[in-house]
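For reference, the chains in residue letters:
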Amino acid sequence: MKGANYPVYEIPLCRLGDSEQYIDRTAVFLASSDADYMTGQIIMVDGGAIKLC
């Protein structure tokens, strides 16, 4: 994230996340059979903070 003073209201989920927790969950998902049909994806784990246009 952008630091401790990052304004939470600018994040669509309106809260800071625990990066280790969410990265771990994403890695477990990608290693599971639930993701066996995914190819060539970029998975943003940022609470919606980065807006792609």
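Residues numbered from 1 in each chain as written. Predicted model: local features only at pLDDT ≥ 70, side-chain atom pairs only at ≥ 80, totals over all residues. Heavy atoms only, no water.

Caption draft 1: Structural context of the overall build of the chain. In terms of helices and strands, the chain carries 1 helix and 0 strands. Within the chain, the fraction of its 53 residues that count as buried is 11%. Entry remark: accessible area of the chain is about 4700 Å², with carbon and sulfur atoms responsible for 57%. (Helix = DSSP H or I, 4+ residues; strand = E, 2+ residues; numbered from the N terminus. Buried < 20%, exposed > 50% of the residue type's maximum accessible area, 1.4 Å probe, protein only. Areas by Shrake-Rupley, 256 points an atom, 1.4 Å probe, with all protein chains shown as cover.)

Caption draft 2: Representation of the layout of surface pockets. Of the pockets and cavities examined, the largest pocket occupies roughly 300 Å³. Along the walls of the largest pocket sit 13 residues, with Gly17, Tyr22, Val45, Asp46 and Gly47 positioned nearest its centre. Residues that form the lining of the largest pocket fall into these classes: 7 nonpolar, 3 polar and 3 charged. (1 Å grid on protein atoms, 1.4 Å probe; cavity = no way out; pocket = protein on both sides within 12 Å on 5 of 7 lines; lining within 4 Å. Points joined across faces, edges and corners; volume = space filled by probe spheres on them. Nonpolar A, V, L, I, M, F, W, Y, C, P; charged D, E, K, R; others polar.)

Caption draft 3: A nonpolar patch on the surface, seen in detail. Nonpolar side chains collect at one region of the surface, where Ile23, Phe29, Leu30, Met38, Ile43 and Val45 lie side by side and expose about 470 Å² of accessible area between them. Turning to its location among the elements, Phe29 is positioned in helix H1 (residues 19-31). Relative accessible area serves as the criterion here: at 33%, Phe29 is assigned to the partly exposed category. (Patch = residues over 30% accessible without salt bridge, like charges linked within 9 Å, V, L, I, M, F, W, Y side chains within 5 Å. Salt bridge = Lys/Arg side-chain N within 4 Å of Asp/Glu carboxyl O.)

Caption draft 4: Just the environment of Tyr22, in detail. Tracing the backbone shows Tyr22 in helix H1. Tyr22 gets classed as partly exposed once you look at its relative accessible area, which sits at 27%. A C-alpha to C-alpha distance of 8.9 Å links Tyr22 and Asp46, two positions 24 residues apart in sequence. Non-local contacts of Tyr22, meaning those with residues more than four positions away in its chain, are made with Arg15, Gly17 and Val45. (Contact = heavy atoms within 4.5 Å.)

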